[in-house]
Amino acid sequence: MNKGFTLAMTNYHFIVSLIVHANLITKQILTILLKRFYMMFRIEKIITGIFLLVFMCGSVKAQISPPGLGDANTALWSAFGVKRQLDSLGKKQSLSYIALGRKSSPDHYNLISKQAIIVLNHEVYHSFAPNQQYSYAVSYRRQPSYESSAPYEKESTEQEFRIYGRYAYTFKLGENWKLKNTVRQEFRKFFTADFHNAEENFQLRTRIKSQLTYNLSKKNNQKLALSAEGLFSTSYLNEPEQKWTPFGYREMRIAVYYMFNIPHSPFTMDIGYMDDLIRGSTSIKKGGVHYLAVDLIWNLPFKK
């Protein structure tokens, strides 16, 4: 047998073995980190503290926050956006992005196990007064649902069309601190994969969010952000009968983000962790759904 061929096959098997072992080690490390993170920051202890901190304190660089992906242990959210300045004064801008979400099944911590969502979103912002901003947006989302028992096979796919408006007020707290309080009102319309009526016809949802941001360093515009968001909604159902559900609290999303500019480029990167606490879910008994979130934003200047 040709020695060169034998050596090539040996190298090939060696590389494949390394890749397999690397994947196994990566999964083990992610599982250990997530479990330790939960033990260090038990939600019963931090939820009150965060709200006290945020509301006692009241234009930050906006990250693309993950949506709710339903019951799971862990989830991965990644997005690519294009932010464009729409005027020479820097008061108007738009952000368009495409994003993908994946999640684990309820019985393990593999955060890329199942496809969770695909999102197309376009939002326009206007800073109309000092420290004040409003925005409006349109969005399309496609989200599969899975059976509630093992082996958690795909059950159906739901489509969502969303429009929303947002108002934000930012407080400057000294040289390095900012607090941004936001109210966002959404209208969500649902369809099945073939555009028939879904079980939930449409939903009105109110989101109240506060985000505290600290300027870590002027080098690469590094920032650290801590946020808490409460979600309240009412829905009009098609099934089992046509009726309104009571308006009330549905979930809480708590997030920590590190944000920075990539040197010598027009790109901004945001890396974060989010804990989604869904009322009445199985995941809330385990401390919520733990997200790893990464988004990359391409910043384009104003052009006449």
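Analysis parameters
Residues numbered from 1 in each chain as written. Predicted model: local features only at pLDDT ≥ 70, side-chain atom pairs only at ≥ 80, totals over all residues. Heavy atoms only, no water. Core = buried A, V, L, I, M, F, W, Y, C linked by side-chain atoms within 4.5 Å. Buried < 20%, exposed > 50% of the residue type's maximum accessible area, 1.4 Å probe, protein only. Helix = DSSP H or I, 4+ residues; strand = E, 2+ residues; numbered from the N terminus. Contact = heavy atoms within 4.5 Å. Pairing = 2+ DSSP bridges. pLDDT = per-residue confidence, 0-100. Salt bridge = Lys/Arg side-chain N within 4 Å of Asp/Glu carboxyl O.

Attention now moves to the nonpolar core. The biggest cluster of nonpolar side chains holds 23 residues, and the ones touching the most others in it are Ile64, Trp77 and Tyr97. Listing elements by their share of this core, those giving two or more residues are β1 (74-85), β2 (92-103), β3 (114-129), β10 (248-261), β11 (267-278) and β12 (289-300). Excluding its chain neighbours within four sequence positions, the residues that come into contact with Ile64 are Trp77, Ala79, Gly81, Leu95, Tyr97, Tyr257, Asp270, Asp295 and Ile297.

Time to look at the pairing of strand β4 (residues 132-146). Sheet analysis places β3 next to β4, joined by 10 bridges and oriented antiparallel. Residue pairing in the sheet places Ile118 in a bridge with Arg142 of β4. Connecting β3 to the next strand, β4, in antiparallel fashion are 2 residues, including Asn131 with a positive phi near 70 degrees. Judged from the 15 bridges that link them, β4 and strand β5 (residues 154-173) form a sheet pairing that is antiparallel. Directly across from Ala137, in β5, lies its bridge partner Tyr164.

Of the pairings in the sheet, the one linking β1 to β12 comprises 11 bridges and is parallel in character. Among the inter-strand pairings, Ala75 is bridged to a residue of β12, identified as Tyr291. Pairing analysis gives 11 bridges linking β1 to β2, with the strands arranged antiparallel. Across the sheet, residue Arg84 finds its bridge partner in β2, namely Ser94. Counted along the chain from β1 to the antiparallel partner β2, the turn is 6 residues long, and its residue Gly90 has a positive phi close to 80 degrees.

Quick look at the confidence of the model for the protein now. Here the protein averages 84 in pLDDT, while 80% of its residues score no lower than 70. The spread of mean pLDDT over the elements of the protein runs between helix α2 (residues 43-57), the lowest at 38, and strand β8 (residues 222-237), the highest at 98. In this model residues 3-16 is a low-confidence stretch, pLDDT under 50, and it forms 1 contact with partners more than four residues away in sequence or in other chains. Scored below 50 in pLDDT, residues 36-60 makes 34 contacts in the model with residues more than four places away or belonging to other chains.

Quick look at unusual backbone geometry now. Glycine aside, the phi torsion of most residues is negative, and most peptide linkages are trans. Cis peptide bonds are those with omega within 30 degrees of zero, and the linkage from Glu239 to Pro240 qualifies with 0 degrees. Following the sequence through the fold, Pro240 ends up in the loop between β8 and β9 (243-244). Its identity is not glycine, yet Asn131 carries a phi of approximately 70 degrees, on the positive side. The topology assignment puts Asn131 in the loop between β3 and β4. Despite not being glycine, Asn220 shows a phi value in the positive range, around 60 degrees. Mapped onto the fold, Asn220 is located in the loop between β7 (197-217) and β8.

Moving on: the pattern of salt bridges. Tallying each qualifying case throughout the model produces 10 salt bridges. The shortest N-O distance in the salt bridge between Glu186 and Arg207 comes to 2.9 Å. Here Glu186, found in strand β6 (residues 177-192), pairs with Arg207, found in strand β7; they are 21 residues apart in sequence, far enough to count as distant. An identical accessibility class is assigned to Glu186 and Arg207; each is buried. One continuous salt-bridge network, built from bridges that share partners, spans Glu160, Arg162, Arg184, Glu186, Arg188, Arg205, Arg207 and Glu229.

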